[in-house]
Amino acid sequence: MENAAARAGTFRYVAVEKHILARIESGELGPGEKIPSLRALGTRLGVSVSTIGQAYLELERQGVIEARPKSGYFVRERGQRLPRPCRKVGVSDEPREVSRNTLIRQVLDTMGRDDMLPFGVAKTGEELLPAKTLARIMTQVVRDDPEACLRYETVAGNERLRRQIAFRCLDAGAEVGASEVMITSGALEALFIAVRAVTRAGDNVVIASPSYYCFLQILEYLGLRAIEAPSCPECGVNPADLAGILRKFDVKACIFTPNFNNPDGALMPEAAKREIVAMLAARDIPLIEDDVYGEMHYGPTRPPIMKSFDEKGLVLTCSSFSKTLSAGYRVGWIIPGRFYDRAFDFKGTTNVCSATPTQMAVAEYLRLGGFDRHLRRLQQALEKQMRTMRALVGSHFPPGTKATNPRGGSVMWIELPGGVDGGEFYFRAKEAGIGVAPGGIFSTQDKFNTCIRLSYGSPLTEPYQDGVRRLGELAAAMAAEAAGDPPRRARYVAGHA
């Protein structure tokens, strides 16, 4: 009963937070305006004064509001309302060969470095993951069956783990059997296998614009050509845009992240998912779906995967536990549909099978039933961190900055004002010990050169908040520089091309 009461209390104060944030986002409460008193809001919402106070303290910690002695709480004046970058970019005029590896390699170089604030890496902070529980389970499975941990696993992967993944697919709207699931070493291997299974060198592949830069790397390595369909941060790829591409080009496959696209956080509406799956099925075109962020939603229900609308086995769904449980365990999977045999061959000739002990440990963790409770805590933490990041960007970045308001995932897409170049911004931030991802690496074209992607997957402690402040100061300085000294800016960009 006590735990139930505690959960109910947590839910109530989180609901109060969302109520105030919604009023600020809508403009109903502007910078410097007083927000309702504890007693007044408590009466209006039917909750206790202590619950309202807890919510206000959390909003104050996030930098959204501030307390003034003997006056109450106010929306912070220095924060600006951040419009969302929803620019309509055109469809690719022609398929393009991909070449972004030089800058992508430099961005990846910051991964795992302790001397860099990791805003450039889309990772979940270890503080939010069940490290001790996983370590205890790993110790147990190794102790209980040490010989099994030394053996090759099957190519398809641990059967108990595959059963658990198939069961979890029900929450995403898809009915699949364990025999349809194949374990991989993270989602990236799953994606690589999927692309190899459905394409040949020289084929045209449709991706979102912007799109995860590792998609571009895969296409480049396999000699494929990209056709970019514009993605809006609110709703992702529009089916009408995709239909136009299919009429114009000979498309062999599509790669989309319908649930919280990386980098713009777009959530594709269910109707659009259904329409796109049907559109591709009518032409027998495979769809590779990256659902690595699907379980990191902030809403009450998990958004469905595109696989749930697949009637012909043309959707290859890829995902992993890297964002929700452990990046280091490298446990991912693919549901390759009608392309299972080809995927099996590529998996078997790539690395034979994935690591046995981590598969056993994750299977046992899922069997014990604590994953959903962990996910709820993770989702709440990430939503708070997203709100804190928006408040920090609004407080410290120069006027004219635009930022997305994601409904899931762990990344925020930001458009810098004043013509600030994201590539130059990346290099200068790196020199200051701060990692960011420049917008140019998320497209084959120069559409997003004034954008950056920031990760808020790690708790925004004081060093992280100070890092955002310094990034804001850098953006302001570069905007002033771009306005007053264009030749210098041009030389800098050319030097780092």
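Residues numbered from 1 in each chain as written. Predicted model: local features only at pLDDT ≥ 70, side-chain atom pairs only at ≥ 80, totals over all residues. Heavy atoms only, no water.

A separate point is the environment of P406. Tracing the chain through its elements places P406 in the loop between β13 (402–403) and β14 (411–415). Along the primary structure P406 and R76 are separated by 330 residues, whereas in three dimensions their C-alpha atoms are 22 Å apart. With sequence-adjacent residues up to four places away left out, P406 is seen in contact with Y298, M386, V411, M412 and Y456. (Helix = DSSP H or I, 4+ residues; strand = E, 2+ residues; numbered from the N terminus. Contact = heavy atoms within 4.5 Å.)

Attention shifts here to the confidence of the model for the chain. For the chain, the average pLDDT comes to 89, and 91% of its residues sit at 70 or higher. The model gives residues 4–9 a pLDDT under 50, and that stretch makes zero contacts with residues more than four places away or in other chains. Taken as a whole, residues 487–497 scores under 50 in pLDDT and shows 13 contacts with residues more than four places along the chain or in a different chain. (pLDDT = per-residue confidence, 0-100.)

What follows deals with the sheet that holds β14. Picture the strands of a sheet paired through backbone hydrogen bonds; they go either parallel or antiparallel. Spatially, β13-β14-β17-β16 is the arrangement adopted by the four strands of the open sheet, whose pairing is antiparallel. Each edge of the sheet is formed by a strand with only one pairing partner; in this case those strands are β13 and β16 (437–438). In terms of strand pairing, β16 meets strand β17 (residues 451–455) through two bridges, oriented antiparallel. Paired with A437 across the strands is R453, a residue of β17. Relative to the sheet, helix α14 (residues 371–396) contacts β13, β14 and β17, its axis offset from that of β14 by approximately 20°. (Pairing = 2+ DSSP bridges. Axes fitted to C-alpha atoms, helices over the stretch in contact; angles between N-to-C directions.)

Tallied over the full model, the rule gives 12 aromatic pairs. A centroid spacing of 5.7 Å and a plane angle of 85° characterise the contact between F119 and Y464, whose relative ring orientation is edge-to-face. Taken together, the residues F119 in the loop between β4 (117–118) and α5 (131–144) and Y464 in helix α16 (residues 462–484) connect sequence positions 345 residues apart. Residue F119 is classed as buried on the basis of its relative accessible area of 1%. Seen from their ring centres, Y212 and Y213 are 5.2 Å apart, and the 45° between their planes marks the pair as tilted. Grouping aromatic residues by their ring pairs yields a cluster made of Y212, Y213, F215, W413, F442 and F448. Stacked on the ring of F74, the Lys or Arg R68 has its end atom at 4.0 Å from the ring centre. (Phe/Tyr/Trp six-rings, centres within 6.5 Å; stacked < 30°, edge-to-face > 60°. Buried < 20%, exposed > 50% of the residue type's maximum accessible area, 1.4 Å probe, protein only. Lys NZ or Arg CZ within 6 Å of the ring centre and 35° of its normal.)

F119, F321 and F425 are the most contacted members of the largest nonpolar core, which has 111 residues in total. With nine residues, α14 is the single largest residue contributor to this core. Leaving out residues up to four positions away in the same chain, F321 has contacts with L161, I165, S326, V331, W333, V362, L366 and F371. The next biggest cluster of nonpolar side chains, apart from the first, holds 24 residues, and it includes L246, V251, A272 and L287. (Core = buried A, V, L, I, M, F, W, Y, C linked by side-chain atoms within 4.5 Å.)

In this section: helix α3 (residues 49–61). Taking 1.5 Å of rise per residue, 13 residues should cover 18 Å, and α3 covers 18 Å from first to last C-alpha, within 8% of that figure. Listed as buried for α3 are T51, I52, G53, A55, Y56, E58 and L59. Just past α3, the residue G63 takes up positive phi, approximately 85°. (Expected span 1.5 Å × (residues − 1).)

So, about the pattern of salt bridges. The full count for this structure, using the stated rule, is 22 salt bridges. Between K447 and E228 there is a salt bridge; the shortest N-O distance is 3.9 Å. In this pair, K447 is assigned in the loop between β16 and β17 and E228 in strand β7 (residues 225–232), connecting sequence segments 219 residues apart. E228 matches K447 in its accessibility class, with the two residues each being buried. Across the pair R469 and E473 runs a salt bridge, and its minimum N-O distance is 2.7 Å. Highlighted residues: R469 and E473, both in helix α16, separated by four residues, approximately one helical turn. For E473, a relative accessible area of 45% gives the class partly exposed. Look at the salt bridges and you will find they share partners, linking D466, R469, R470 and E473 into a network. (Salt bridge = Lys/Arg side-chain N within 4 Å of Asp/Glu carboxyl O.)

Sheet topology note: the strand β1 (residues 65–68)/strand β2 (residues 72–75) ladder contains four bridges and is antiparallel. Its bridge partner being in β2, A67 is matched across the sheet by Y73. If you look at the hairpin formed by β1 and β2, you'll find three residues sitting between the two strands, and K70 has a positive phi there, around 60°.

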